[in-house]
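Summary of structural features
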Amino acid sequence: DTAVSQTPKYLVTQMGNDKSIKCEQNLGHDTMYWYKQDSKKFLKIMFSYNNKELIINETVPNRFSPKSPDKAHLNLHINSLELGDSAVYFCASSQDQTWGYFGPGTRLTVT
Amino acid sequence: GQNIDQPTEMTATEGAIVQINCTYQTSGFNGLFWYQQHAGEAPTFLSYNVLDGLEEKGRFSSFLSRSKGYSYLLLKELQMKDSASYLCAGLNQAGTALIFGKGTTLSVSS
């Protein structure tokens, strides 16, 4: 069974569009995350979220918003897409000191 | 704050030993992690150090010195499949997220 899954794997869209990326984890973890990996392979935290608290990296534009319908899901909504949003987006989860579970990534290309 | 530095690239040959260093500056350090990432894939967990010393796991070992703000990942008996990016990451002050360095791309040649 896949621990952390994301859909879609690839997403190609035009500037100005609104899109969503879905993430699900079946590990029973309390905390989920979104990371962005740019073309230079630098992995940056965007959000961490559990059922109590959303922590936003202040450098993330407010066009990005996480939405969690339940503990096992954390979706990423992006409004008014820009060229600079092109990157690979990774979802991840953790529980207490258990780290290391990343989804397979979503490669977003904005044209 | 938390600044994590590691070399950008390293090269080595099959069967050799390579050490990838990582230095960090943190006020509220909660643990140091190493991840491996092959091209086009997700990062996968390799090791976690919270106390000083060496943690050995098969061909891979990780070392931490908290007083020096220093860690290294040691890879022994290198294989071609070890060609990948190796990411050093620290747990932030609040313990709510991993903060990654920019990664070291290791190329193993025959």
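The sections below set out a description of the structure shown in this document. Note that the structure is predicted; figures quoted are calculated from it, not measured.

**Thoughts on the packing of aromatic side chains**
- According to the stated counting rule, one finds 15 aromatic pairs over all chains in the structure shown.
- For the pair Phe102(A) and Tyr35(B), a centre-to-centre distance of 5.6 Å together with 85° between the ring planes defines the contact as edge-to-face. Of the two residues, Phe102(A) is situated in strand 10 (residues 98–102) and Tyr35(B) in strand 4 (residues 32–37); the pairing between them involves two chains. The same class applies to Phe102(A) and to Tyr35(B), which are both buried.
- Note on Phe102(A) and Phe100(B): the rings are 6.1 Å apart at their centroids and 70° apart in plane angle, and the pair reads as edge-to-face. Linking Phe102(A) in strand 10 with Phe100(B) in strand 10 (residues 98–100), this pair reaches from one chain into another.
- A connected cluster of aromatic rings, assembled from ring pairs, spans Tyr33(A), Tyr35(A), Phe90(A), Phe102(A), Phe33(B), Tyr35(B), Phe45(B), Tyr48(B) and Phe100(B).

**Let's talk about the state of the cysteines**
- Across all of its chains, the model carries 2 disulfides over all chains by this definition.
- Covalently, Cys23(A) is tied to Cys91(A) through a disulfide, its sulfur atoms 1.8 Å apart. Disulfide Cys23(A) to Cys91(A): torsion about the S-S bond roughly -75°, handedness left-handed. Taken together, the residues span a long stretch of sequence, with Cys23(A) in strand 3 (residues 19–25) and Cys91(A) in strand 9 (residues 87–95) at a distance of 68 residues. Comparing Cys23(A) with Cys91(A) shows no difference in burial state: the two are buried.
- A disulfide bridge connects Cys22(B) with Cys88(B), and the sulfur atoms are separated by 1.9 Å.

Reading guide: rules and limits
- Residues numbered from 1 in each chain as written.
- Chains lettered and ligands numbered in written order.
- Predicted model: local features only at pLDDT ≥ 70, side-chain atom pairs only at ≥ 80, totals over all residues.
- Heavy atoms only, no water.
- Phe/Tyr/Trp six-rings, centres within 6.5 Å; stacked < 30°, edge-to-face > 60°.
- Helix = DSSP H or I, 4+ residues; strand = E, 2+ residues; numbered from the N terminus.
- Buried < 20%, exposed > 50% of the residue type's maximum accessible area, 1.4 Å probe, protein only.
- Disulfide = S-S within 2.5 Å.

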